[in-house]
Amino acid sequence: MSSPVRARMSKSARREQVLAAAIAEFATGGYAATSTESIAQRAGISQAYLFRLFPTKKAVFLAAANQAFDTVENAFRAAAGRSVATDEADRMDAMADAYIDLLGDRQSLTFQLQIYAASALDEEIRTLARERFHRLYQTVRELSGSDAGGAFNFMAQGMLLNVTSVLELELLNPDAGE
């Protein structure tokens, strides 16, 4: 009996597979407790091959974090691009709807929170998180045409949505008197 032949993947496809595995592992274990062995195992590759793709665990984490921020930024750009609205509030609503759609991916959402938690442990991770969060804030301002206060409120509401979603808490609605 012969073993099944695996299809060869390009290096970039394999990197994407590793990043998906890393996001899943880091989402549950955080940066400190996640091993490269568990990431490699989930990706179906050897740990040695993982280190040929990414030289360190931190490099995997940083690449995954960049991908997570790219996902949100791309969703905002796509929503703003689809919006025919010229009104700031309508563009903000389109981006908010796009973000709410992303909240359905609990694993990615939990990983996003792990990025912020890992920032307390490592200066390089903190620098990346700080720069990417600021870039996301600037993207919101640019796409919506809002002022600093409008972008601040949008980002604050997004973080509230993150926390309530991960906690599986019904959204607290100030307009409903809750």
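Small disclaimer: the values here were computed from a predicted structure and weren't measured.

So, how was this worked out
Residues numbered from 1 in each chain as written. Predicted model: local features only at pLDDT ≥ 70, side-chain atom pairs only at ≥ 80, totals over all residues. Heavy atoms only, no water. Helix = DSSP H or I, 4+ residues; strand = E, 2+ residues; numbered from the N terminus. Buried < 20%, exposed > 50% of the residue type's maximum accessible area, 1.4 Å probe, protein only. Contact = heavy atoms within 4.5 Å. Areas by Shrake-Rupley, 256 points an atom, 1.4 Å probe, with all protein chains shown as cover. Axes fitted to C-alpha atoms, helices over the stretch in contact; angles between N-to-C directions. Parallel < 35°, antiparallel > 145°, perpendicular 65-115°, else oblique. Nonpolar A, V, L, I, M, F, W, Y, C, P; charged D, E, K, R; others polar. Core = buried A, V, L, I, M, F, W, Y, C linked by side-chain atoms within 4.5 Å. Phe/Tyr/Trp six-rings, centres within 6.5 Å; stacked < 30°, edge-to-face > 60°. Lys NZ or Arg CZ within 6 Å of the ring centre and 35° of its normal. Left-handed = near helix turned anticlockwise from the far one by under 90°.

Trainee: Where do I start with the overall build of the protein in this structure?
Mentor: The helix and strand inventory of the protein stands at eight helices and zero strands. Mapped in sequence order, the helices and strands of the protein form the string α-α-α-α-α-α-α-α. Expressed as a percentage of the 178 residues in the protein, the buried residues total 41%. For the protein, restricting intrachain contacts to residue pairs at least 6 apart in sequence, the fraction spanning at least 24 positions comes to 65%. For the protein, the accessible area works out to roughly 10300 Å², and carbon and sulfur atoms hold 54% of it.

Trainee: Got a minute to help me understand the packing of helix H4 (residues 57–82) against helix H7 (residues 123–144) in this structure?
Mentor: A pair of packed helices can be characterised by two numbers: the angle between their axes and the separation between those axes. Contact geometry for H4 and H7: axes closest at 11 Å, N-to-C directions at 5 degrees. When the axes of H4 and H7 are compared, the pair comes out roughly parallel. Here Lys58, Phe61, Leu62, Ala65, Asn66, Phe69, Asp70, Val72, Glu73, Phe76, Arg77 and Ala80 of H4 come into contact with H7, specifically with Glu124, Ile125, Leu128, Ala129, Arg132, Phe133, Arg135, Leu136, Thr139, Val140, Glu142 and Leu143. A class-by-class count of the residues in the contact of H4 with H7 yields 14 nonpolar, two polar and eight charged.

Trainee: Sorry, what's going on with the nonpolar core here?
Mentor: Note on soluble globular proteins: their nonpolar side chains tend to be buried together. Core analysis: the biggest nonpolar cluster contains 49 residues, and Phe76 and Phe111 have the highest contact counts within it. Among the secondary structure elements, those contributing two or more residues to this core are helix H1 (11–33), helix H2 (36–43), helix H3 (47–53), H4, helix H5 (88–102), helix H6 (106–118), H7 and helix H8 (148–166). The biggest single contributor to this core is H4, with 13 residues. Residues contacting Phe111, with those up to four places away along its chain left out, are Ile23, Phe26, Ala27, Phe61, Ala64, Ala65 and Ala68.

Trainee: Before we go on, may I ask you to explain the packing of aromatic side chains in this structure?
Mentor: The way to describe two aromatic rings as a pair is by their centre distance and the angle between their planes. Summed over the entire model, instances satisfying the criterion amount to nine aromatic pairs. Seen in terms of ring centroids, Phe61 and Phe111 are 5.5 Å apart; in terms of plane orientation they differ by 70 degrees. Their pairing is edge-to-face. One end of the pair, Phe61, is in helix H4; the other, Phe111, is in helix H6, and 50 residues separate them in sequence. For Phe61, a relative accessible area of 0% corresponds to the buried category. For Phe111, a relative accessible area of 0% corresponds to the buried category. Linked through ring pairs, Phe26, Tyr31, Phe61 and Phe111 together constitute an aromatic cluster. Lys57 extends its terminal NZ or CZ atom over the ring of Tyr31, reaching a point 4.8 Å from the ring centre.

Trainee: What should I look at first to understand unusual backbone geometry in this one?
Mentor: Backbone phi values are negative for most residues with the exception of glycine, while trans is the configuration of most peptide bonds. A positive phi angle, close to 55 degrees, is found at Glu168, a residue other than glycine. Within the fold, Glu168 resides in the segment after H8.

Trainee: Would you mind showing me how to read the packing of H7 against H8 here?
Mentor: The interhelical angle for the contact between H7 and H8, taken along N-to-C directions, is 125 degrees, at an axis separation of 9 Å. Looking at the two axes, H7 sits oblique to H8. As for the relative orientation of H7 and H8, their crossing is right-handed in sense. From H7, Phe133, Leu136, Tyr137, Val140 and Arg141 reach across to H8, where they touch Ala148, Ala151, Phe152, Phe154, Met155 and Met159. Residue composition of the contact of H7 with H8, grouped by class: ten nonpolar, no polar and one charged.

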